[in-house]
Amino acid sequence: MTSKLLLFASAMVCSTFSLLAKDYHVNNQAKSSDETGSLEHPYLTISDASAVMVAGDICYIHEGVYRETIDPINSGTSGNPIIYAAYGDDNVIVTATDSLSVDLQEVDVNIYEAKVEMDLGDRNMVYLNGEKMQIARWPNDKDGDPFTIDAIKINQKGTFSSFYSPDIPNKAWTGAYLYYLGAHSGCSLQEEITSFGGGTVRFNELSTLWPSGTHNPARFENKHYGTFYIYNSIHALDTLNEWYYGDGKLSLYLNREQIKDATIEYAKRTATATIDKDYIVLEGLNFFGAGVYVKGDNFKITECRVKQGSNMLLVPRQSSGKSNAVGSDAAISILSNANNATIEKCIVEYGDTNGIMTSGNSSGHVINNNIVRYFDFIGNHSTPVRLTSPTTHFSNNTVKYAGRDGSRMSGENSRFSYNDVSHALKICSDGGLFYITGSSTDKDIELDHNWFYEAYSPESYSGLKANGIYLDNNSGGYDVHHNVVWRTQWRAVQMNWTAVYNNIHNNTFWDVGEGQETFGCWIPCKTKDPSGNCLERHDVRDNVIYNNLSDVRTWWLSVDGSFTEDETLDNDFQNNFQSSLSPFENFEEQNFMLKSGSSMVDKGKIISGVNDGTKLHHAMSDVSEKYTGAAPDIGAYEVGGVNWKPGSSLTYEEFVWDDNGVELKFDTIAHPEVSEPTAISQTSGATIEVYPNPLENGTDLTIKSSDPILEIVVRDINGRELEKVNPSDFQTSQVSLLTPDYTGIALVSVSTIKGVEIIKLLMK
């Protein structure tokens, strides 16, 4: 890794730690017969190290592919976590797959078979040269893009248990799986086919409850009754890169050129890490083929990469028989009762269901500076980011490419800030770049300083309802301020049913759906009399909307069929401006600052905690940026203020197989803001940087401080002094020194006027 943190500067890791802590090494390439866990005699498996590790211990994992699950036996403590880290710059892969080691037999033209035990059921999966292969399907995938479903439209009304299509080949489809996306195109379902004949597909009766109550072959919308394809059948194995498993045999459709250089992996384990102990840290590791599941408190994952962590063939029904609208797992899952997790500087990518998911029965999480991309290939309510936990802060992340919604946050007293969210609704419709439902209560969630852009549902079959911020059925208690929404298919903001107590201030909405309104509401009937007349209607009310900027269009449409309502009557709508021409410094380069002299400068209302230099009532709120002129500006930016940019600072390279086609390899994650491997500490109030880390013998060590350095002491792991420096100039904030000849963990103690920082350094 370009930046390998061997110091953990969060509150979870103190600058003082037990001198009894041990370092263990794991190297599955070693040939030692005397496994003690030392550098010279490392353990061969991570599990061997886990069996002996206690609080304060570090497991250094050397380069290689580890086909096992990280599963700690003991917990760490607040000052002494148990750490699993890549050794130096080594590329370490922890994979849930096994390599196909048996010979493939060519049984037909381009069809190869191998006898292998794949026992994960609907979590079986096959990977060719590091990329997920296509499960055999009819009709075939046309372009290799998992977001284009290449499905067949149903043109005749079906039922809750069957439909007819004359296009289906007459084959033995019983036992195969059905992918069905309803005409509404909001959520897909997957069902096992119970029988097939004469073009009629039958499956177990769907529930009349949502989601199947809305998404079923009896509902006509968008000029059809839904779209479908059939998969997981040997009868569909007929094109390159497809696979099927049955009767103990893996069947692959590949050509001879592919076979010659192919590396084929298949799913064998359901997790790459299962963390049910407290104070566990994962650092600098790469996970492939299954997710990281966390049940313990005070977990931290930093500078890791998780790829293909949430794949499945079918989202099963609930035990009640009701269809599931969302996959139950994620690439990183923070499960019930797992509190105070930290996810930072990670790349989380590619999965059929969710990317990062937190349970509503967990709390206190910090998720910062990650890239989360390419999730929900199934096209249901799975999401790259699905956060239901209270007191969670999701900030400075880049989230992009989703089958349906880009992001969700519903846990009380939480904050979603400075994130870059884009390219959602690639499969489904009637969703948003940020989407949520509620219960008409105050969630007390702050949604601020985000960019939401590029949301377009497929035109060939969907309802073309791709929104920016979607506060769906009964959402309440969102403080939505200083966000920019642009290039969406439908509206900037949609609020449905009884959406209440939302404050929408100082946002910029631009270039949303052609002919669409800036704000939209759906207010259906709640109760009817026996004759079908509406007795009580949902009501979007008690929302406060100030200082927003839009291009010229109808501000607000609230509707249910032919019924419309003027929402400005029971919502507070003031100081919102529109412009016929771009008022920005440079829209195409995403500089949304108003031009100097714009008529919208100094035209806003002063809003406590939003634009007056005070804080909102949220526990996680920052002090707001105070307006610079006579009054606040309209929109998300203040002329003369901070031209803020959201999103992660990480860059990434693709995850690839090794050049020799034998084993997995991750390219490094590049941190553009750091040119050399650095360790950082900030516990005393001073910011200390020590680099490079790890440090090669004979190389100068540089210590850089935000405050004058008074003394530097380098000690070994047992406290023995190796080097001591007292800078002659007590204004010095940067020192370089030649460290002594020493191999192992060293402690660098840096004294400043604010106190002492102790930094852990690996010397090689």
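One can find the structure itself at the top, above this paragraph.
The structure reproduced in this document is the subject of the present report. Being a predicted model, the structure only gives us computed values, none of them experimental. (Residues numbered from 1 in each chain as written. Predicted model: local features only at pLDDT ≥ 70, side-chain atom pairs only at ≥ 80, totals over all residues. Heavy atoms only, no water.)

Observations concerning unusual backbone geometry
We count it as follows: Counting from the N terminus, the helices are the DSSP runs of H or I reaching at least four residues and the strands are the DSSP runs of E reaching at least two.
Across the junction of Trp-138 and Pro-139, the peptide omega takes the value -10°, indicating a cis bond. Within the secondary structure layout, Pro-139 lies in the loop between strand E12 (137-138) and strand E13 (152-153). The step from Trp-210 to Pro-211 runs through a cis peptide bond, and the omega angle for that step is 10°. Mapped onto the secondary structure, Pro-211 falls in the loop between strand E17 (200-203) and strand E18 (227-231). With phi around 70°, Asn-337 is a residue other than glycine that occupies positive phi space. Along the polypeptide, Asn-337 turns up in the loop between strand E28 (330-334) and strand E29 (342-344).

Topic: the state of the cysteines
Rules: Criterion for a disulfide: a pair of cysteine sulfur atoms at a distance within 2.5 Å. Here's how the labels work: a residue is buried when its accessible area is under 20% of the maximum for its type, exposed when over 50%, partly exposed in between, all with a 1.4 Å probe on protein chains only.
Per the counting criterion, the structure on display carries one disulfide. Between the sulfur atoms of Cys-525 and its disulfide partner Cys-534 the distance amounts to 2.3 Å. Its torsion about the S-S bond being 105°, the disulfide of Cys-525 and Cys-534 is classed as right-handed. A residue is classified by how much of its surface remains accessible, and Cys-534, at 33% relative accessible area, is partly exposed. Here Cys-187 stays unpaired: no disulfide links it, and the sulfur of Cys-428, its closest cysteine neighbor, is 6.8 Å away. Accessibility expressed as a relative area gives 0% for Cys-187, which makes it buried.

Re the pattern of salt bridges
Test applied: Throughout this description, the term salt bridge denotes a Lys or Arg side-chain nitrogen within 4 Å of a carboxyl oxygen of Asp or Glu.
Across all of its chains, the model carries 28 salt bridges by this definition. Glu-349 is the partner of Arg-305 in a salt bridge, and the nearest nitrogen-oxygen pair spans 3.6 Å. Taken together, the residues Arg-305 in strand E27 (residues 305-307) and Glu-349 in strand E30 (residues 347-351) connect sequence positions 44 residues apart. The pair Arg-305 / Glu-349 is uniform in exposure class, with both members buried. Beyond isolated ion pairs, a larger network of salt bridges with shared partners links Arg-415, Glu-446, Asp-448 and Asp-622.

Focus on the environment of Cys-346
To keep it simple, the criterion reads: By the convention used here, residues are in contact when the closest approach between their heavy atoms is within 4.5 Å.
Looking at the secondary structure, you find Cys-346 in the loop between E29 and E30. Classification of Cys-346 by relative accessible area gives buried; the value is 0%. For the pair Cys-346 and Gly-144, spaced 202 residues apart in the sequence, the C-alpha separation amounts to 26 Å. Apart from the residues lying within four places of it in its own chain, the contact partners of Cys-346 are Ile-301, Thr-302, Glu-303, Cys-304, Asn-369, Asn-370, Ile-371 and Leu-650.

Regarding the side chain of Asp-376
Condition: For the charge count, each Lys or Arg is scored as positive and each Asp or Glu as negative, with His and the chain ends excluded. Residues adjacent in sequence count toward polar contacts only when both atoms are side-chain atoms; beyond that, a polar contact is any pair of N or O atoms within 3.5 Å, and within protein one must be able to donate a hydrogen and the other to accept it.
Structurally, the position occupied by Asp-376 is in the loop between strand E33 (371-375) and strand E34 (385-387). Buried charge without a partner: Asp-376 forms no salt bridge, and the closest opposite charge is Arg-404, 6.4 Å away. At 2.9 Å, the side chain of Asp-376 forms a polar contact with the backbone nitrogen of Gly-379. Not counting chain neighbours up to four residues away, the residues in contact with Asp-376 comprise Phe-147, Gly-351, Asp-352, Thr-353, Ser-382, Gly-403, Arg-404 and Ile-427.

Describing the sheet that holds strand E25 (residues 291-294)
To be explicit about the condition: Only when DSSP finds a minimum of two bridges between them are two strands counted as paired.
Strand order in the open sheet formed by six strands is E22-E25-E28-E31-E34-E37, and the pairing between neighbours is parallel. Two strands close off the open sheet at either side, each with one partner strand: strand E22 (271-275) and strand E37 (408-409). Bridge count between strand E31 (residues 354-358) and E34: three bridges; the pairing is parallel. Bridge pairing links Met-357 to Arg-386 in E34.

Considerations on the pairing of E28
Regular strands have side chains that alternate between both faces of the sheet. Most of E28 is tucked away: five of the five residues are buried. In terms of strand pairing, E25 meets E28 through three bridges, oriented parallel. Counted as the bridge partner of Val-294 is Ile-334 from E28. The pairing of E28 with E31 spans four bridges and is parallel. Note that in E31 the partner of Ser-333 across the bridge is Met-357.

A word on the packing of aromatic side chains
Note on aromatic pairs: each is described by the distance of the centres and the angle between the planes. Threshold: By convention, a stacked pair of Phe, Tyr or Trp rings (six-membered ring in the case of Trp) has centres within 6.5 Å and planes under 30 degrees apart, an edge-to-face pair has planes over 60 apart, and any other such pair is tilted. Remark: a charge is flagged as sitting over a ring if the NZ atom of Lys or the CZ atom of Arg is within 6 Å of the ring centre and within 35 degrees of the ring normal.
Inspection of every chain in the model, using the stated rule, returns 38 aromatic pairs. Their ring planes at 35° and their centres at 6.4 Å tell us that Phe-592 and Tyr-637 sit as a pair that is tilted. Of this pair, Phe-592 sits in strand E59 (residues 591-594) while Tyr-637 sits in the loop between E59 and strand E60 (655-657), and the two are 45 residues apart along the sequence. Just as Phe-592 is buried, Tyr-637 falls in that class too. Aromatic ring contacts, followed pair by pair, group Tyr-418, Trp-451, Tyr-453, Trp-486, Trp-510, Phe-584, Phe-587, Phe-592, Tyr-637 and Trp-644 into a single cluster. We note Arg-137 situated over the ring of Tyr-229; from NZ or CZ to the ring centre the distance is 3.8 Å. Positioned above the aromatic ring of Phe-563 is the side chain of Arg-537, whose terminal nitrogen or guanidinium carbon lies 4.1 Å from the ring centre.

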